[in-house]
Structure formats: structure tokens, C-alpha cells
Amino acid sequence: MRTHRIGILGCGSRGCAFAAAVASLDEVELALCIDDDLEAADACARAHGGEAAASWAGQGLDTLIMTQPTLDADRLVAAVQAGSQVLVDPPLARGVVRARRTARAVADAPSRIGMAFAWRFESLVRLLRGIVPEPRFAHIGAVIDPGPPQAPKSVLESAWATPHAALDLLMHLFGAAPAEIVADGGPLPRGDRGAATISVPPRADALAADLYFDREHHASLTVAGGDADPEHGPVVVDLTDGATRVRIRSNWTTAEIQPVGDRSVDPPRLPGVRLERDGRSWLARVEAESQSLRDLVRAFVCPGGSDTPVPGLSDGVRAVALTRAVLAGASSGRTQTLHAA
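Residues numbered from 1 in each chain as written. Predicted model: local features only at pLDDT ≥ 70, side-chain atom pairs only at ≥ 80, totals over all residues. Heavy atoms only, no water.

Draft legend 1. Quick look at helix 2 (residues 38–48). Turning to helix 2, its buried residues are Ala41, Cys44 and Ala45. One side of helix 2 carries all its buried residues, which in axial view fall inside an arc of 100°. Residues Glu39, Arg46 and Ala47 are exposed on helix 2 and point more than 90 degrees away from its buried face. Where the residues of helix 2 are buried, they touch helix 1 (13–23), strand 2 (28–34) and strand 3 (51–53). Backbone geometry just downstream of helix 2 places Gly49 in the positive-phi region, at approximately 110°. (Buried < 20%, exposed > 50% of the residue type's maximum accessible area, 1.4 Å probe, protein only. Helix = DSSP H or I, 4+ residues; strand = E, 2+ residues; numbered from the N terminus. Arc of directions from axis to C-beta. Contact = heavy atoms within 4.5 Å.)

Laid out in C-alpha cells, this is it:
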């Protein structure tokens, strides 16, 4: 049986992380590390395998993973026309119009196109869904490292990508897009050079949103600038169905599982997840090195072998629309009610 050949387009830190994940899988081959900067491509290939290249044309790739900070829609179209399936690292675009235009450009493509929302594939998220398959309330709190003031591009990238991933995870947990968003915040600070130095909101609650799926299902999102808590990590997920509460922390490595009232809970056993009982509660732990990218790639290459399907372009478009709505509310300083379903 021929090995499934994978190419990585974009050999920055994210591309190298994907390359490491692909290299760890037995059922696939890391064939190409592709970047316009051949030095970056060569460094990725030397670290993880495959050949360095500036293009994948004529290389017969089965899958192309696109990890550039800004998606090149023309390259996406070229890849699917060449017969490759494509896994796009979010975001799909920086604006709703461009996201929809990109999705339409490949709507009739014969090849599969997926969105690499890796948070869905964290081991403790899979555990959470087994314990609370129908949540009533969830909160995601995320911390953004604002970075050095002389690097506004990296600041803006973080300010965009974190709520984008968090909103997709909330849609995954609730099984739908919210019917209504109420976002409230304050103006984003500006430096001496105006828009080029826009940073993240300075208040801990400056970028916040409430998401209403219906009258009984509600979620909230908080994104703050600063340093991550050494115990809790940069992301905390807190979720309940009224009978059980699950809290994921410590950079996706620890989950607290607590029954509500006099109820009890028996968590499902998952490979790689260690469960420790603490009275009526449980503590779940996984290894510090996340396997989410590896599980994501495996699910994309072998779609029938995973209980978590890889999201498609429609999920990417929805995440763009919701992220734009939340950021608009935060930057306006006014509460905004937006129908986004």
C-alpha cells in the first residue's frame, strides 16, 4: 500500500509543529517542507524529515497542510485543482467577505478541505465531551501574551487567533453556532504610531462576549492581555450541564471533574488520560506535550478512524464571522447585539 504523502506549506513555528506531528505518525510520510524562504524550509526538513522546496507543483502530494499566517487563496485553489486534499490552519481569512469568497472559490472542488482547529482534538476536550455531551453553560478564559511593543504584527496575530480558536471550540462543544452575541468592552489602546501599534485590551475583562445558543444554553468568553498563570496556563475551560462540572486548565494537561449536589460521576476511560479519585471528584491528567496536532492530522488522513471529525470550510467561515463580531464589540466600547447564526 502506497504511503500517504504530506507537504507542509509555511515553515514558521506553526508549520514546524505540524511537521513534527506528521513525522511522528507511522501511516504517513512527511514528503515536503515548503516555504518561499528556502532557509526556513531547509531547517524544518533537517529537523523533521522530508525535502525542502519552494513549491509543491508536480510532487504528487496526497495532503497539503497550509500554515501561513495569512491564507493564500490562490494557492488553496491550485492545490485542490492538482488533486491534493488540504488542511488549512486557521484563520481562513481576516474578514467575513474574504472568507466567504475563498469558500465559494473551492465549493465544487473534488478534494477534501478541512480547518485545523486543534483545540477540538485535545485529549481533555474529548474527555469533557464524554462526561458532558450536552452542556448548558461554558466559559473560556484565555490570556494573550502582548509581546514586545516593537512587534505590533505579532500582537495583532495573537489578538486575532486566540478568540478565533476559542469561539470554534464553543461551537464544537454546543454543536451549533450561537443565535446571538452580546459583546462589551473598551477601546483598544493606540501608541504613537496609530493603528500600527494597536495592542490587546488592557483590562482583564476588556474583551468579553456572551453567546446565547437558546434560552437554556449559554457560553461566555474572556480574553485578556498579560502573562499566563503558572498553574492555570493560558487557557481555562469551565463547563457544566447542571449535574457535573468540568474545568480544564494547566495548558490542556489537567481537568477537575466535580459532581453537582449529591450526584456522582464515572468518567470514561481514554488512552493516555490518567484518572485519580479525590472523594466524590476526579482529577484527569495527560502528558505535558500535547498530541492534538498528531490526532488532528490522523483524523484528516483517516476520517473514519476518529470520534472527532475535522471541521470544514463552513466552520472556518463561521469562526471568522463570530470573531469579527466579538472584536467589533470590544473595540467600540458599546454593548453590541449581533445575530450571527
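Draft legend 2. The pairing of strand 13 (residues 254–259), seen in detail. Strand direction decides the pairing type here: strand 12 (residues 244–249) and strand 13, joined by six bridges, are antiparallel. Looking at the pairing, Arg247 lines up with Glu256 of strand 13. (Pairing = 2+ DSSP bridges.)

Draft legend 3. Representation of the packing of aromatic side chains within the structure. In total, this model carries two aromatic pairs according to the counting rule given. Seen from their ring centres, Phe174 and Phe213 are 4.3 Å apart, and the 10° between their planes marks the pair as stacked. Here Phe213 lies in strand 9 (residues 207–214) and Phe174 lies in helix 6 (residues 152–174), a separation of 39 residues in the sequence. (Phe/Tyr/Trp six-rings, centres within 6.5 Å; stacked < 30°, edge-to-face > 60°.)

Draft legend 4. Geometry of the pairing of strand 1 (residues 4–9). Buried residues dominate strand 1, accounting for six of its six residues. Neither face of strand 1 is open: one carries His4, Ile6 and Ile8, the other Arg5, Gly7 and Leu9, and all of them are buried. Sheet topology places strand 1 next to strand 2; six bridges connect them, and they run parallel. Pairing of Leu9 across the sheet is with Ile34, part of strand 2. Of the crossover connections in this fold, the one passing from strand 1 over helix 1 to the parallel strand 2 is right-handed. In this structure, strand 1 lies alongside strand 4 (residues 63–66), joined through four bridges in parallel fashion. Residue pairing across strands places Gly7 opposite Leu64, the latter belonging to strand 4. (Right-handed = clockwise from strand over helix to strand, strands pointing away.)

Draft legend 5. Quick look at the packing of helix 1 against helix 7 (residues 292–301). Interhelical geometry of helix 1 versus helix 7 gives an angle of 70° and a closest axis separation of 8 Å. Taken as axis vectors, helix 1 and helix 7 run roughly perpendicular relative to one another. In this structure, the crossing between helix 1 and helix 7 has a hand that is right-handed. Contacts between helix 1 and helix 7 pair Arg14, Ala17, Phe18, Ala21 and Val22 from the former with Leu293, Arg294, Leu296 and Val297 from the latter. (Axes fitted to C-alpha atoms, helices over the stretch in contact; angles between N-to-C directions. Parallel < 35°, antiparallel > 145°, perpendicular 65-115°, else oblique. Left-handed = near helix turned anticlockwise from the far one by under 90°.)

Draft legend 6. Here's a closer look at the side chain of Thr254. Structurally, Thr254 can be placed in strand 13. Polar contacts involving the side chain of Thr254 include one to the side chain of Thr253, which spans 3.5 Å. (Polar contact = N/O pair within 3.5 Å; in protein donor to acceptor, adjacent residues only side chain to side chain.)

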